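Structural overview
Here's the letter readout for the chains.
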Amino acid sequence: MTARRTASSQELEPLVVGVADQFSLAGVFAGALVFPFLVVGLGYPPAWLIGASIVLVLAVPYMLMKEI
């Protein structure tokens, strides 16, 4: 929704939405790569706590935006 409002013209709307989708996919992919290394290095419970805290740090500002 925000990506569509960001597009300066109707022709650029698919490009802007595609870039936003790529960022979301990259975030999912990066999390799947980092979590196993945290498990091996620190153990399973600390890896879950670190992963959850990263999600909170990234999600709370998004949830506090006034446009939601």
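Residues numbered from 1 in each chain as written. Predicted model: local features only at pLDDT ≥ 70, side-chain atom pairs only at ≥ 80, totals over all residues. Heavy atoms only, no water.

**Overview of the overall build of the protein chain**
- A count of helical and extended segments in the protein chain gives three helices and zero strands.
- When the accessible surface of the protein chain is split by element, carbon and sulfur atoms take 76% of a total near 5800 Å². (Helix = DSSP H or I, 4+ residues; strand = E, 2+ residues; numbered from the N terminus. Areas by Shrake-Rupley, 256 points an atom, 1.4 Å probe, with all protein chains shown as cover.)

**Considerations on a nonpolar patch on the surface**
- A cluster of nonpolar side chains, Leu56, Val60, Tyr62, Met63, Leu64 and Met65, forms an exposed patch at the surface whose accessible area comes to about 630 Å².
- With respect to the secondary-structure elements, Met65 resides in the segment after helix H3 (44-63).
- The class for Met65 is partly exposed, based on a relative accessible area of 35%. (Patch = residues over 30% accessible without salt bridge, like charges linked within 9 Å, V, L, I, M, F, W, Y side chains within 5 Å. Salt bridge = Lys/Arg side-chain N within 4 Å of Asp/Glu carboxyl O. Buried < 20%, exposed > 50% of the residue type's maximum accessible area, 1.4 Å probe, protein only.)

**Topic: helix H2 (residues 13-42)**
- Between the first and last C-alpha of H2 there are 43 Å, a value that for 30 residues agrees with the 44 Å anticipated at 1.5 Å per step.
- Looking one or two residues beyond H2, the residue adopting positive phi is Gly43, at roughly 110 degrees. (Expected span 1.5 Å × (residues − 1).)

**A look at the layout of surface pockets**
- Put simply, the largest pocket is a space of about 230 Å³.
- Taken together, Gly27, Ala30, Gly31, Val34, Phe35, Leu38, Gly51, Ile54, Val55, Leu58 and Ala59 make up the lining of the largest pocket.
- Among the secondary structure elements, those contributing two or more residues to the lining of the largest pocket are H2 and H3.
- Per-element accounting of the lining of the largest pocket gives the leading share, six residues, to H2.
- Per-class residue counts for the lining of the largest pocket are eight nonpolar, three polar and no charged. (1 Å grid on protein atoms, 1.4 Å probe; cavity = no way out; pocket = protein on both sides within 12 Å on 5 of 7 lines; lining within 4 Å. Points joined across faces, edges and corners; volume = space filled by probe spheres on them. Nonpolar A, V, L, I, M, F, W, Y, C, P; charged D, E, K, R; others polar.)

**Regarding the packing of aromatic side chains**
- The tally for this structure, following the rule as stated, stands at three aromatic pairs.
- Between the aromatic rings of Tyr44 and Trp48, the centroid separation amounts to 6.0 Å while the plane-to-plane angle is 80 degrees, which identifies the pairing as edge-to-face. Of this pair, Tyr44 and Trp48 are both found in helix H3, four residues apart, which corresponds to roughly one turn of the helix.
- The rings of Phe35, Tyr44 and Trp48 are connected pair by pair, giving a single aromatic cluster. (Phe/Tyr/Trp six-rings, centres within 6.5 Å; stacked < 30°, edge-to-face > 60°.)

**Here we look at the packing of H2 against H3**
- Packing of H2 against H3 brings their axes to within 7 Å, and their N-to-C directions diverge by 140 degrees. Our classification of the angle between H2 and H3 gives oblique. Note on packing geometry: the crossing formed by H2 with H3 is right-handed. Contacts from Phe35, Leu38, Val39 and Leu42 of H2 reach H3 at Tyr44, Pro46, Ala47, Trp48 and Ile50.
- Looking at the contact of H2 with H3 residue by residue, the classes come out as nine nonpolar, no polar and no charged. (Axes fitted to C-alpha atoms, helices over the stretch in contact; angles between N-to-C directions. Parallel < 35°, antiparallel > 145°, perpendicular 65-115°, else oblique. Left-handed = near helix turned anticlockwise from the far one by under 90°. Contact = heavy atoms within 4.5 Å.)

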